[in-house]
Amino acid sequence: MRDRIKQFSFFILACSIETIHCGENLSCVVQRTLLKGSNTENPYSFERLWRCTIGDKSYKVVVAPNNAEYQFADKGIIPGITQLTVSDADLSADKGDTENLFIINSNAAISTFHTKPKTSLTRRKLLQKFGEHNALVIRPIDANGIQPSWTADEISNALFGVPFLGHRKFNEDVNMRTQFNDCSGGKFQVKMAEGEGIKNGVLEVNVGKAIVPCNPDTKNKCTTENATGELTYREWIKDALNSWNPDWYEMYRPHIFIYPYDKHLLANQKGNTALYHAYDIHFNSLDWRLPLNLHMHEVGHTTGLGHSDRMEDGKEKEYGDFSCMMGSNEARDVRSKMCFNAVKSWWLGWYSEPGKEGHEYLYSMDKPGEFWRGKLVGIDDYLNDKFDEKEHKVILRIGPVLFMMFNRKKGVNDGVQMYGDKVVIVKQNDAELKHGKQGNSMVQADIDETNDPFTETNFAGNGLDLKVKVCSINIGKGRVDYADIIAYIANDSSEVPDCDTPVPSRPVKTKLIRDTSNCVEETDPAPHFTCRVLQTIPSEKLQRMPNIEVFSLRQNAAGCSIFLRPLQWASEEMKFSFTSDESLSNINECFAHGTRLETSPPKPPIIPENVKLEIRKNFNGHPCSEVIPNKEVEDHFNFYYTGLCEKHLYVCRIEDIEEKIRAPDYTCNQQLKLYGNECGIVVRPVHWAVQKNQFWFESPADENEVKTCFPKGTHLTEYGSFDINEFAPTRFPTKAAETPSDTPTVTGTDAPTSRIHVAIPVGGSKDTNVDNDVSVLWDGRLNGWRDSVKTWGSENCDPWRPKWVQLDLGEPKTITKIHVSMQVDRTYCGTKYVLSNNAEFPTNDIEVIYDMGTSPDSHEMQSDGFIFDLTTPVDARYVRVYSGGSDVNGSMYWLEIAVWVINKKVETSSPTGSPTDSPTGSPTESPTGSPTDSPTGSPTDSASDCAFPLVNSVYCPLHDVSVLVDATKNEAKRFGSLVDPQGGSTPESLQAGFKYLYEGIGNNYAHFKTYPSYTAQKSEILMCYEEYYGSDYEPNNVVKQALDVDGIATYTGPALTQYFDDTVRTDQYYINEESAKKINQYTTALLEMYQLMEKSVQEVKDGCKSYVGFKDSSEVQCQKAVKSWDKAAAVQDGPNYLGTKRCQNYLTCGWDHENKVGEVATIAIANQKVLNLFQVGQNAVRTGDIVGVKGIIKLIQSAQIVSYIQGVGRYAQKIAAKEPPCLKDFNKEYAEGMAFSTGMLPQLYMCDRSAAKTVDRTFQLVEDNCFPGSKNDFTIEAFLGVLRKNYQCLGITCEDVGGLWNDDPEVLDYYTGAEPCVTMYGEYVAGN
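As the structure is a computational prediction, the values presented were derived from the model and not from experiment.

(A) View of the overall build of the chain. Of the regular secondary structure elements, the chain holds 30 helices and 53 strands. By the burial criterion, 54% of the 1328 residues in the chain qualify as buried. Of all intrachain contacts in the chain linking residues separated by at least 6 positions in sequence, the fraction that spans at least 24 positions is 70%. By element, 47% of the accessible surface of the chain is carried by carbon and sulfur atoms, the whole surface being about 56,900 Å².

(B) Spatial organisation of helix 20 (residues 1070-1101). Compared with the 46 Å implied by 1.5 Å per residue over 32 residues, the 45 Å span of helix 20 between its first and last C-alpha is a close match. Of all the bends in helix 20, the greatest measures close to 35° and is centred on I1079. With 29 of 32 residues buried, helix 20 is to be regarded as a mostly interior element. Remark: G1103 follows helix 20 within two positions and exhibits a positive phi of approximately 140°.

(C) Seen up close, the packing of aromatic side chains. The tally for this structure, following the rule as stated, stands at 37 aromatic pairs. For the pair Y233 and Y259, a centre-to-centre distance of 6.3 Å together with 55° between the ring planes defines the contact as tilted. With Y233 in helix 7 (residues 230-244) and Y259 in strand 11 (residues 255-259), the pair connects residues that are 26 residues apart, well separated along the chain. Per residue, the accessibility class of Y233 equals that of Y259, and both read buried. Both rings, one in W569 and one in F576, keep their centres 5.5 Å apart while their planes meet at 15°; by these two values the pair is stacked. F576 carries the same exposure label as W569, and that label is buried. One aromatic cluster is present, formed by Y1025, Y1028, Y1029, Y1033, Y1051 and Y1245 through successive ring pairs. The ring of F322 is capped by R310, whose NZ or CZ atom sits 5.1 Å from the centre of that ring. Residue placement shows K1040 over the ring face of Y998; its charged tip is 4.8 Å from the ring centre.

(D) Expanded view of the pattern of salt bridges. This model, assessed by the stated rule, comprises 32 salt bridges. Linking K1078 and E1074 is a salt bridge whose minimum nitrogen-to-oxygen distance equals 2.6 Å. Of this pair, K1078 and E1074 are both found in helix 20, four residues apart, which corresponds to roughly one turn of the helix. A relative accessible area of 9% means that K1078 is categorised as buried. Its relative accessible area of 3% is what places E1074 among the buried residues. In this structure, K1169 and D1296 form a salt bridge, with 2.8 Å as the shortest nitrogen-oxygen distance. Taken together, the residues K1169 in helix 23 (residues 1165-1182) and D1296 in helix 30 (residues 1294-1297) connect sequence positions 127 residues apart. Taken together, the shared-partner salt bridges connect D980, E1073, E1074, K1077, K1078, K1228 and E1232 into one network.

(E) Representation of the environment of R51 in the model. Inspection of the secondary structure puts R51 in strand 2 (residues 50-54). Along the sequence, R51 and N100 sit 49 residues apart, while their C-alpha atoms lie 9.7 Å from each other.

(F) Molecular detail of the nonpolar core. Among the nonpolar cores identified, the biggest contains 107 residues, and W1125, F1174, I1196, F1279 and L1283 are the most heavily contacted of them. Leaving out residues up to four positions away in the same chain, I1196 has contacts with M1089, Y1090, M1093, W1125, V1170, L1173 and F1174. If you look at the next biggest cluster of nonpolar residues, it comprises 58 residues, including M176, F283, F340 and V343.

(G) Representation of the packing of helix 23 against helix 24 (residues 1186-1216) within the structure. Where helix 23 contacts helix 24, the axes come no closer than 9 Å and their chain directions differ by 170°. The angle between the axes of helix 23 and helix 24 places the two elements in the roughly antiparallel class. Contacts between helix 23 and helix 24 involve A1166, N1167, K1169, V1170, L1173, F1174, V1176, G1177, A1180 and V1181 on the former and, on the latter, G1188, V1189, I1192, L1195, I1196, A1199, Q1200 and V1202.

(H) Unusual backbone geometry, seen in detail. Of note, the bond from R253 into P254 is cis; its omega dihedral lies within 30 degrees of zero at 0°. Mapped onto the elements of the fold, P254 is located in the loop between helix 8 (248-251) and strand 11. In the segment running from E1219 into P1220, the intervening peptide bond is cis, with an omega of -5°. Within the element layout of this structure, P1220 appears in the loop between helix 24 and helix 25 (1227-1238).

(I) View of a positive patch on the surface. Taken together, R479, K1120, K1123 and K1127 make up a surface patch of like positive charges. Checked against the element boundaries, K1127 lands in helix 21 (residues 1111-1131).

(J) Structural context of the pairing of strand 17 (residues 359-362). Side chains H359 and Y361 project from strand 17 onto one buried face, and the interleaved E360 and L362 project onto a second face that is buried too. As judged from the four bridges shared by strand 17 and strand 20 (residues 395-398), these two strands associate in the parallel manner. What sits directly across from H359, in strand 20, is I395.

(K) Just the side chain of E1232, in detail. The residue E1232 is located in helix 25 in this model. Within polar-contact distance, the side chain of E1232 engages the side chain of K1078 at 3.2 Å. When neighbours within four sequence positions are excluded, E1232 is seen to be in contact with E1074, K1078 and Y1211.

(L) View of the packing of helix 20 against helix 25. The interhelical angle for the contact between helix 20 and helix 25, taken along N-to-C directions, is 20°, at an axis separation of 8 Å. On the basis of the axis angle, helix 20 is roughly parallel to helix 25. Here the hand of the crossing between helix 20 and helix 25 comes out right-handed. On helix 25, the residues that touch Y1070, I1071, E1074, S1075, K1078, I1079, Y1082 and T1083 of helix 20 are N1227, K1228, A1231, E1232, M1234, A1235, F1236 and T1238. Classifying every residue of the contact of helix 20 with helix 25 by side-chain character gives eight nonpolar, four polar and four charged.

(M) Local environment of the state of the cysteines. Applying the stated criterion across every chain, the model contains 10 disulfides. Across the disulfide from C519 sits C531; the S-S distance is 2.0 Å. Across the S-S bond of C519 and C531 the torsion is about 115°, and the bridge reads as right-handed. Pair noted here: C519 is in the loop between strand 26 (482-490) and strand 27 (520-522) and C531 is in strand 28 (residues 528-532), with a separation of 12 residues, a long-range link. Here C519 falls in the buried class, since its relative accessible area comes to 2%. For C531, a relative accessible area of 0% translates into the label buried. In this model, C1294 is linked to C1317 through a disulfide, with the two sulfur atoms separated by 2.0 Å. Looking down the S-S bond of the C1294 and C1317 bridge, the torsion is -105°, so its handedness is left-handed.

Basis of the calculations
Residues numbered from 1 in each chain as written. Predicted model: local features only at pLDDT ≥ 70, side-chain atom pairs only at ≥ 80, totals over all residues. Heavy atoms only, no water. Helix = DSSP H or I, 4+ residues; strand = E, 2+ residues; numbered from the N terminus. Buried < 20%, exposed > 50% of the residue type's maximum accessible area, 1.4 Å probe, protein only. Contact = heavy atoms within 4.5 Å. Areas by Shrake-Rupley, 256 points an atom, 1.4 Å probe, with all protein chains shown as cover. Expected span 1.5 Å × (residues − 1). Bend = angle between axes of the 7 residues up to and from the residue. Phe/Tyr/Trp six-rings, centres within 6.5 Å; stacked < 30°, edge-to-face > 60°. Lys NZ or Arg CZ within 6 Å of the ring centre and 35° of its normal. Salt bridge = Lys/Arg side-chain N within 4 Å of Asp/Glu carboxyl O. Core = buried A, V, L, I, M, F, W, Y, C linked by side-chain atoms within 4.5 Å. Axes fitted to C-alpha atoms, helices over the stretch in contact; angles between N-to-C directions. Parallel < 35°, antiparallel > 145°, perpendicular 65-115°, else oblique. Patch = residues over 30% accessible without salt bridge, like charges linked within 9 Å, V, L, I, M, F, W, Y side chains within 5 Å. Lys, Arg positive; Asp, Glu negative; His and termini not counted. Charge placed at Lys NZ, Arg CZ, Asp CG, Glu CD. Pairing = 2+ DSSP bridges. Polar contact = N/O pair within 3.5 Å; in protein donor to acceptor, adjacent residues only side chain to side chain. Left-handed = near helix turned anticlockwise from the far one by under 90°. Nonpolar A, V, L, I, M, F, W, Y, C, P; charged D, E, K, R; others polar. Disulfide = S-S within 2.5 Å.

Now the structure itself:
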């Protein structure tokens, strides 16, 4: 009723004015004007922004509230072009001081008609800032032969560096093409257009019409009344282009027009270049008009960049920033190598990438004494891999508008015209930034260590000043040049930070992940707070530390922050201690369980505060769908939508919000990743909420991905579940603890997680699909949901169908506590903990220690962790944990399960180094068979002497390669789980694996698709592979064929063709998934390892004389070589996994492995040899001993091949034991044998071509293949003999390989024909 009264009142008001028309159907052409005093901040102030022209009169547009207002907003009005037709409108008369009004009433129907063709309607579109762009240069010639003074060859030489023998010739090495490529590090490439009639990117166009030359009037002016106008000439050219190729506009971008220039030629011809359209650049042909900076300047505009200005004599000087291509250039005839300033570089995004983050954004710096200290490096050092994101940044952004960078005059930037080798501080135009535009910038200061600090007064609007001080400029003093700067909020305190203030950032190795206990307030030795963290690397106590802001990052939320003074980042007891003025309750609320604590702020949220992107639940069909841009969409969105910057345009229907919220009004809005159904999609928002319930966005993802990730009822957020694996502790043995007392001790309820006793799996959930290996539940690391164990219960726990996971402690233990962690943001129901000494959990031998009941309403266990303390300890060997679902859906994600037990006193008669011997509470305490177990004297005893995490518990790197180790392991593991899900592989699962591995969908690592990453020089092994498989061999191509259900791998070498199609596939898709998984992990990773070693050798050759003898001159090069060697050891984790599995089949496992039933091996002897050889090789690399390094590589080749031979022998035995032993009946066994043989056949071929042919033919994936082929007497013993006679040539022994063990409890002996051989040197020699 209120709305009706409002509408009625509006109508009375309108018609009470003296009117010409009232309530009629009226049309007008809309013009946009900004009246003095209008609200430019509010784009919906239509009554102030728009005017309507009818005849010779202009009317101010007034839009009624409600329906008409929103209709008008969504009509895509284009000033001067759109004709507006309104079914119910009023026109007021001009009466004294009253304006003419065009009043659109509430119930009006509004339609539009565009008075110019579609090509004239398109709003300004922008080039994407990444990728390849095919530039088309247009050189027009009129009917009388009037044309630009520059020839096509001169133009292509100037723009692209194409050589030619002309008198006006530029430097072919520095041009628009090369400089964009160099400034972006290859991320933005301007290519020469190709096509019919195009030569070296230049198209000469005959416009077919004659220019009427200008005849100046008495005032020396020329108008379109007596000459052809410049704009008219452009239309002629575009008509000619449309005749040449109707699709030219979309096929090529940007379009560069070169015009003839004569001030008496075209009417209204401008002397300067002008950018009139999205992808169109217009140059007038003057000799000085083609310098490099002008080309890059105009192309920069096509990406959305504004001008770069400076102040001069108190006045703004447009284009005055000569340190940036968006300014000008003092020497216009010089091809200066120069890039962009801090503001432009930030928006371009070329110096921000995973693992190499050059951006630092301090968006909330506003507290007295708060500061940032760091090193800014130049663009050239960043692009040439001298950058380390742990200690360097390229661009520092403080608040929304202040940007700074070290303008190093070097390399790609060595021709910079201004502010060379200074820290240049630039401000973004504030008004434009508020509208999301990348507009003009203004230089604020250029400073070095000789200058006083730069001051920005009242920086945060709170009366406090921001100061930026350059502590030192460091050039030529190390491998990287940098500016050491400090930025701080000044106050009246004597504790203002200065260049002597210690850097507060926590040590890189110290990961701060909060455990499940609350922070406490302590008084000894002085009042302070203490928060426990998960096991990490302890840090030193801190002295004279300033107050800083520590940020808490939560799952699916940005978190909060606490202003504090750190005392110690992490003590030996895993305590983070600090002082703060905050209350204990606020600290516990902010530093909650499981949060990650950082000294750098998380990226600020992009989604507006009043927008909640909740996908609509009640919708017929999927709420998200792709939209094909067409005229209807343009009409609907032209007010703010400016064209595709990604592959696809989507709309998702969302639950209603209170108001319409626009995205920033410029093309190619900022990318962000939105997280939905356990996955994330990269999007560019177009409109947050059209009609309050439609979220429009662009994305490179396909429609199926969007629909899968954004299902009904999902709340989309910017902060996905971060993977705690990234921040999980690396286990290092600590110093030996004191001998425990005679009395058994119990780790108390407040014991940190480093004292848990993890367990060995004997099974998982029954009657359910389990994703991922259940062993992640007891690996001592709080994994993210992607690496959790996923099962399906019941949606909302109704009906209740519990699932369980089970742990085996190896022997009965006295259990005191159980801790279960599951995925956050939900509450679980049906939780129950049951203990037993019988693995089958019979009803007469169980003890239920916790049971919340089976009611669907019994939601109790919180996902951030549930700890249950047993009032009375219970002796049990097996632990089962049940759950029935959650209050969100039927999926359950187990992250970690830990059990606390009483640790008995270590008896002196126990065998030295027994895996269970460890002092109470030792952080390395783990059960029998745990990967961290190692006997006394094992390589891990010296781990505390290693500065970085050991590789596979043996190799001590000189560089931190733990991230690469984890990536190698996790990427292969995730790939395997995708292609081989529970229930078996399918074409869909194979396709999912392909998208993960090669398209990067859901892949946070994306390493394997790049292997081998180093190919400048081929290693001996790679040459060996190419000799056998062919010079074009790439293991990834074989994996791709395996993932194709119709795939065929053919080789140009002697290797046999492998088929992955229906001609051989009879049993699910074992052929495909086993081949893809194992070749990826065991061959692709193997070649990467050898190529990285070769890279290290070449780097030694390039100047590593001896790190010890020539430390000053060779340290950098030697360390570079060692880093490549360390990376090779890290990648060895793939082949290492194979060795650990096979050694249990051949009784060749190391570190006191007894091969008991259920015992899990930790490492193979062969792999232990490989890693020990890596250690020796590291010293040879470090000292520049090339001969020694090559000798070590030979030894590694021999040790590494052992596990591959073991794999081949094992699957030959499996096949030989079948009846009939044919491929059509045993797809899986043949595929695995083929995959293992792939990694060893090239070396075997070098020793014995006949033997290699036999092995290859045995496992060939080809129709009708049967073991043992045509020779009926070819037994497993004969097959192994083919391999064994080549052991000596391969550099291994019978003892290295061992015999194939039958672990059947009723047998426990070697397989017949596969018993171990004994090395008798000279007995086995190479074959033919």
